[in-house]
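Reading the structure
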Amino acid sequence: GSGPPPEKKRWLRAYLEMQRLQAPPQRRSEQPNWDYHAEIQAFSHRLQENFSLDLLKTAFVNSCYIESEEARRRELGVDKDAVALSLQDNTGLAEQGLRFARAYLTRCFEGAYPNLPARGVEALVNFLTGQELVSFVAQNLSIQDLALCRDFPAPPQVLQRTFLAVIGALLESSGSERTGIFVRDFLIPQLIGKDLFEIWEVVNPMGLLVEELTKRNMSAPEPRITRQLGVSTVLPVYFVGLYCDKKILAEGPGETLLAAEEEAARVALRKLYGYTENRRPWDYSKPKQGLAAQKAISSN
Amino acid sequence: RYVRQLQRLQFLFSPTAADARGARQFVEEAAQDFARQHPDVVLYVSPRSGTAPLVRAEYLNGTVREELIASKTSEEIVQLITKLANQSGLDIIRIRKPFHTDNPSVQGQWHPLTNKPSILTVQGPRLQPQ
């Protein structure tokens, strides 16, 4: 008689599992359970922003995607009329977003660190809008799932462009104030824990310090050894202090006297620019309504 | 600002199996409310016969977490997915220390030369008060 139904082969399950593990990684949009429109709506809610969905969808379309789609359609032999996709690029939005982000960040830093020279502000802004940081932020906001791009995984340049295009789309949908708050909330926290001279490469801190002091009409710094330990050993420590008119400006440690002097110059520059480790943390509070009106009145 | 780390929830269960009853009830009654309260999570429901019902949670940092919902009531499933929605995608391992600070020292970290006077300080005989 008939017993329980015959099983499929015993090795089938192990074989399917092996196939599943060895398959190359695929885009999320090609895996089961994906609804683009719903994902885009969820994206705008996740960022607590009100986007116009058309602009947002345009922001995720990259030019390499359009080219690859047109090439694919041409290869499949579709009509010339149907080949032209009615999709717009995100390059315009990306440029807008980059311009706005740079201008806003420059304004922020000039307001927060008024003593920082233009080169320093530019270095900070370049770091915050650079490829590595922006693509890191974009990865953690799942932009790599939503961006339409030819290669997988999306290269950091594409991610940076897409994030800036999202900023551009927000600028057009919600205006400059909300976009400014968005840029402040997502890019400025990346500066936490970073030192000024990790971001801004200064080759000759002593020369820069002399320039700064002459601008403020203070005399040139005089370096003196303040403390030293283990001079005749393999690991000496020298503390060199910089004195202006016999008053202490800054003190820095180092392994050799030259290294200690350079470090002291860097510490002095940090103090002068107001970028020390114990400075006031960034202000993330909601801007008051009156400020915007004030600015409008003062600009008129 | 707060960004919910849960991206999407996929409910995979069979339309006829007995242990998926709670999942079916949840999808009929409570799923819409949950979706309305959490507009930043995308819910997918798809049928899958022959295997245990489960819910798969995908987080922004790429972690995918699967939880079995076999023989759970609708309320228990709601509790479970609320818990998943409030988690981040970090691995659930032992936390080494429950505290962390970005500014470990306010006045400057102590080093062996902190309170030693500098060698430039001159120490001469005490001046007589006049």
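Please read all numbers here as calculations on a predicted model, not as lab measurements.

Attention now moves to the UniProt feature "domain: Ribosomal protein/NADH dehydrogenase" (unreviewed entry) in chain B. In this numbering, the UniProt entry assigns the feature "domain: Ribosomal protein/NADH dehydrogenase" (unreviewed entry) to residues 15-88 of chain B. Helix makes up 39% of residues 15-88 of chain B and strand 23%, and the two end C-alpha atoms of the span are 31 Å apart.

One pass over the full model with this rule turns up 23 salt bridges over all chains. R224(A) serves as the salt-bridge partner of E222(A), at 2.6 Å between the closest nitrogen and oxygen. By relative accessible area, E222(A) is classed as partly exposed at 36%. Among the salt bridges present, the one from R227(A) reaches E251(A), with a minimum N-O distance of 2.8 Å. Separated by 24 residues along the polypeptide, R227(A) in strand β1 (residues 222-229) and E251(A) in strand β3 (residues 247-254) bring together distant segments of the chain. According to the relative accessible area criterion, E251(A) is partly exposed, its value standing at 27%. Sharing partners across several salt bridges, the network here consists of R28(A), E39(A), D145(A), R8(B) and E58(B).

All names here are of chain A. Taken in spatial order, the three strands line up as β1-β2-β3 in an open sheet, and their pairing is antiparallel. Sheet topology places β1 and β3 at the edges, where each strand pairs with a single neighbour. On average, each strand axis in the sheet is tilted by 25 degrees relative to the strand beside it, whichever way the strands run. Looking at chain direction, strand β2 (residues 237-244) and β3 are connected through seven bridges and run antiparallel. Pairing of V240 across the sheet is with G252, part of β3. Contacting β1, β2 and β3, helix α14 (residues 257-273) crosses the sheet at an angle of about 130 degrees to β3.

Judged by nonpolar contacts, the single largest core of 71 residues is most densely connected at F60(A), F109(A), F163(A), W200(A) and L209(A). With residues near it in sequence (within four places) discarded, F109(A) still touches V121(A), L124(A), V125(A), L128(A), L191(A) and W282(A). Core analysis: the next-biggest nonpolar cluster, separate from the first, contains 20 residues, L6(B), A20(B), A57(B) and I81(B) among them.

Our next topic: the sheet that holds strand β3 (residues 54-59) of chain B. Backbone hydrogen bonds are what pair the strands of a sheet, in a parallel or an antiparallel way. Pairing in this open sheet of four strands is mixed, and the strands run β2-β1-β3-β4 (chain B) from one edge to the other. This sheet does not close on itself; its edge strands, each paired only once, are β2 (42-47) and β4 (64-68) of chain B. When the angles between neighbouring strand axes are averaged without regard to direction, this sheet yields 20 degrees. Direction of pairing for strand β1 (residues 6-13) of chain B relative to β3(B): antiparallel, over a ladder of six bridges. Bridge assignment links L12(B) to a residue of β3(B), and that residue is L54(B). Sheet strands touched by helix α2 (residues 36-46) of chain A: β1 and β2 of chain B. Its angle to β2(B), the strand with the most contacts, is close to 150 degrees. Packed on one face of the sheet, helix α3 (residues 74-86) of chain B meets β1, β3 and β4 of chain B and runs near 150 degrees to β1(B).

All names here are of chain B. In terms of burial, β3 is a largely internal element, five of the six residues being buried. Sheet topology note: the β3/β4 ladder contains five bridges and is antiparallel. When the bridges of β4 are listed, A57 appears paired with R65. Between β3 and β4, which pair antiparallel and follow one another directly, the connecting turn spans four residues, one of which, G62, has a positive phi of 95 degrees.

The rules behind these values
- Residues numbered from 1 in each chain as written.
- Chains lettered and ligands numbered in written order.
- Predicted model: local features only at pLDDT ≥ 70, side-chain atom pairs only at ≥ 80, totals over all residues.
- Heavy atoms only, no water.
- UniProt positions renumbered as here; feature names shortened; annotations may be inferred.
- Helix = DSSP H or I, 4+ residues; strand = E, 2+ residues; numbered from the N terminus.
- Salt bridge = Lys/Arg side-chain N within 4 Å of Asp/Glu carboxyl O.
- Buried < 20%, exposed > 50% of the residue type's maximum accessible area, 1.4 Å probe, protein only.
- Pairing = 2+ DSSP bridges.
- Axes fitted to C-alpha atoms, helices over the stretch in contact; angles between N-to-C directions.
- Contact = heavy atoms within 4.5 Å.
- Core = buried A, V, L, I, M, F, W, Y, C linked by side-chain atoms within 4.5 Å.

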